[in-house]
Amino acid sequence: MNEHETPVPVTVIGLGAMGKALAATFLAAGHPTTVWNRSQSKADSLVAGGAMRAATIIEAVTASPLVVACLLDYPVLHEILDPAGDALAGRTLMNLTNGTPDQARETAVWAAQRGAGYLDGGIMAVPPMIGQPEARVLYSGSRHVFDQYEHTLNRLSAAMYVGADPGLASLYDLALLSAMYGQFAGASHALALVGTEKADLTEFAASLLAPWLTATTVALPLLAQGNGTSTQAVEESVSPPDMQAVAIANIVTASNAQNVDKALLSHLAIPLRDLIGQSAHDRDLAGMVDLIKKPTE
Ligand SMILES: NC(=O)c1ccc[n+]([C@@H]2O[C@H](COP(=O)([O-])OP(=O)(O)OC[C@H]3O[C@@H](n4cnc5c(N)ncnc54)[C@H](OP(=O)(O)O)[C@@H]3O)[C@@H](O)[C@H]2O)c1
């Protein structure tokens, strides 16, 4: 079947907040869409819109050449799909369930043992963004499978292939999420600190916090450049770690004084303190990237 001419039939397994958005987007784009979920009522609105409800997991898997799974985690994925036995043979499993790189690699082997193609994906979007240009989904695994279904995958988002190792999409997904959670942690701490005084938090967030976070992204290329180059001296440090360590210590002291728990930020003091003693101590915060990587055995 040429996926550019005829919308490929798709099965979506898992109709939580994200799975429902995926299924609705395929449906709206004209793909014959079969759906399955543990709690069947979550399929009702999709079925009313033209989706087909599969009564069993085997019926769901065999309904389409492309089977999209979006579940809570990998143990749930296997709990649901293991009993489907060889029904996946000759089909493609596109797994958009959040997990670790090792779980993705193991599941790629598991799918291959059942004669199925496999793509692992990391969704960098929230459900309302699915089908919108700003959504992005990262894919890794078989390049052939990605090329075969790229047009269909682009229905959901800008599809981005990151490599043949099935674990890469998970790795990138978790890395991007770790950056997001770090940013949320810092922003939460900032709001808690300012909130201890009579301040307009909404105004603070809009006029100072958001622009500040945007402005600080200029430092990201510097962090990336420092990564892996710990033996190279950098000519000049504009923000030496000694200075940063004083700032972190002051944040901790001020937080204690303002009755704000320092847990979200004080962990930064340890690698910063270690950085000060390093030979590359003049390399800015970039040194922290190398510092937290444990040596491989
Ligand atoms: N929501 C987001 O903003 C977002 C963004 C990016 C990526 N994702 C990823 O998308 C995946 C799904 O997230 P979601 O937001 O859709 O989560 P969710 O709303 O909590 O849905 C979880 C799904 O897993 C199913 N499930 C959970 N435990 C189960 C069990 N023991 N047996 C059978 N089914 C079970 C649920 O079925 P029931 O309906 O029967 O409970 C539901 O289909 C996750 O891996 C998540 O990381 C979500």
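Rules behind the numbers
Position numbers for residues start from 1 in each chain and track the written sequence from start to end. Where totals are concerned, whole chains, interfaces and linings use all residues; where local detail is concerned, this predicted model gives features only for residues with pLDDT of at least 70, and gives and counts side-chain atom pairs only at 80 or more. Calculation of side-chain values draws on the structure's entire complement of heavy atoms; hydrogens and water are dropped beforehand. Working definition: with a 1.4 Å probe on protein chains only, accessible area under 20% of the residue-type maximum means buried, over 50% means exposed, and in between means partly exposed. Under the scheme used here, helices are H or I runs from DSSP no shorter than 4 residues and strands are E runs no shorter than 2 residues, and both carry numbers assigned from the N terminus. Here, strands pair whenever DSSP counts at least two bridges between them. For a crossover, the right-handed case is the one in which the path from the first strand over the helix to the second runs clockwise, viewed with the strands pointing away from the viewer. Any two residues having at least one pair of non-hydrogen atoms within 4.5 Å are treated as being in contact. Axis definition: a line fitted to C-alpha atoms, over the contacting stretch in the case of helices. Angles run 0 to 180 degrees between N-to-C directions. Here roughly perpendicular refers to angles of 65 to 115 degrees, roughly parallel to angles under 35, roughly antiparallel to angles over 145, and oblique to all remaining angles. Crossings are sorted by hand: turned counterclockwise from the far helix by less than a right angle, the near helix makes the crossing left-handed, and turned clockwise it makes it right-handed. Each residue is assigned to one class: nonpolar for Ala, Val, Leu, Ile, Met, Phe, Trp, Tyr, Cys and Pro, charged for Asp, Glu, Lys and Arg, and polar for all the others, Gly among them. Residue proximity to a molecule or strand is established when one non-hydrogen atom of the residue lies within 4 Å of it. In the analysis that follows, any N or O atom pair within 3.5 Å is treated as a polar contact, provided that within protein one partner can donate a hydrogen and the other can accept it, and provided that, for residues neighboring in sequence, both atoms belong to side chains. Computed with the Shrake-Rupley method and a 1.4 Å probe, the accessible areas treat only the protein chains shown as cover for residues. All domain edges in this entry derive from an automatic or database-based domain assignment. The span one expects for a helix is its residue count, reduced by one, times 1.5 Å. Think of a nonpolar core as a cluster: buried Ala, Val, Leu, Ile, Met, Phe, Trp, Tyr and Cys residues, connected wherever their side-chain atoms sit within 4.5 Å.

A few words on the pairing of strand S1 (residues 10-13). Every other side chain in a regular strand lies on the same face of the sheet, so the side chains alternate between the two faces. Side chains Val10 and Val12 of S1 all project onto a buried face; the interleaved residues Thr11 and Ile13 project onto the opposite face, where all are buried too. Pairing between S1 and strand S2 (residues 33-36): 4 bridges, direction parallel. Paired with isoleucine 13 across the bridge in S2 is tryptophan 36. With helix H1 (residues 17-28) bridging S1 and the parallel S2, this β-α-β connection has right-handed handedness.

We now examine the sheet that holds S2. With mixed pairing, 8 strands are arranged side by side in an open sheet as S3-S2-S1-S4-S5-S6-S7-S8. Each edge of the open sheet carries a strand with a single partner, namely strand S3 (52-53) and strand S8 (158-163). Pairing between S2 and S3: 2 bridges, direction parallel. Counterpart to threonine 34 in the pairing with S3 is methionine 52.

Turning to the side chain of threonine 34, a few remarks are in order. Tracing the chain through its elements places threonine 34 in strand S2. Sequence-distant contacts of threonine 34, that is, excluding residues within four places in its chain, are made with Val10, Thr11, Val12, Met52, Ala54, Ala60, Ala63 and Ser64.

As a packed pair, helix H10 (residues 241-257) and helix H12 (residues 269-276) sit with axes 9 Å apart at the nearest point and diverge in direction by 150°. Between H10 and H12, the angle falls in the class roughly antiparallel. Of the two possible hands of crossing, H10 and H12 adopt the one that is left-handed. Between H10, through Pro241, Asp242, Gln244, Ala245 and Ile248, and H12, the contact on the second element is made entirely by Ala269, Leu272, Leu275 and Ile276. Counted by class, the contact of H10 with H12 contains 7 nonpolar, 1 polar and 1 charged residues.

Another aspect to go through is the site of the ligand. Taken together, 21 residues sit near the ligand, with Met18, Asn37, Ser39, Lys42 and Asn98 positioned nearest. At 2.7 Å, a side-chain N or O of asparagine 37 approaches an oxygen atom of the ligand. Between serine 39 and the ligand, the recorded distance is 2.5 Å, taken from a side-chain N or O atom to an oxygen atom. Out of a free accessible area of 890 Å², the ligand has 75% covered by protein chains. The dominant element in the shell around the ligand, judged by the number of residues it contributes, is H1, at 3 residues. Taken together, the residues of the shell around the ligand sort by class into 12 nonpolar, 7 polar and 2 charged.

Its location among the elements puts leucine 268 in the loop between helix H11 (263-266) and H12. Owing to a relative accessible area of 26%, leucine 268 belongs among the partly exposed residues under this scheme. Residues leucine 268 and methionine 288, spaced 20 residues apart in sequence, show a C-alpha to C-alpha distance of 9.6 Å.

The subject of this paragraph is the domain arrangement of the protein. You can read the domains of the protein as domain 1 (10-171) and domain 2 (198-291). Relative placement of domain 1 and domain 2: their C-alpha centres are 39 Å apart.

Note on helix geometry: an α-helix contains 3.6 residues per turn, so any two residues three or four positions apart are oriented the same way. A rise of 1.5 Å per residue sets the reference length of H1, with its 12 residues, at 16 Å; its end C-alpha atoms lie 17 Å apart and thus fit the reference within 8%. The set of residues buried in H1 consists of Met18, Gly19, Ala21, Leu22, Ala23, Thr25, Phe26 and Leu27. Where the residues of H1 are buried, they touch S1, S2, helix H2 (44-48), strand S4 (66-69), strand S6 (117-124) and helix H6 (143-153).

Okay, the side chain of histidine 189 next. Mapped onto the elements, histidine 189 comes out in helix H7 (residues 168-194). Look past the residues within four positions of histidine 189 in its chain and what remains in contact with it is Ile251, Ser255, Val260, Asp261, Lys262, Leu264 and Leu265.

Below, the discussion takes up the nonpolar core. What tends to happen in soluble globular proteins is that the nonpolar side chains get buried as a cluster. Counting residues in hydrophobic clusters, the biggest one holds 33 residues, and the most contacted among them are Leu22, Val68, Met94, Leu96, Ile123 and Tyr139. For this core, the element with the most residues is H1, which contributes 6 residues. In this structure, Ile80, Ala84, Leu93 and Ala108 belong to the second largest nonpolar core, which totals 23 residues.

Closest axis-to-axis distance for the helix H4 (residues 74-81)/helix H5 (residues 101-113) pair is 11 Å, and the angle between their directions is 15°. Between H4 and H5, the interaxial angle falls into the category roughly parallel. Read as a crossing pair, H4 and H5 show a hand that is left-handed. For the pair H4 and H5, the contacting residues are Tyr74, Pro75, Leu77, His78 and Leu81 in the first and Gln103, Ala104, Thr107 and Trp110 in the second. Among the residues making up the contact of H4 with H5, the classes are represented as 6 nonpolar, 3 polar and no charged.

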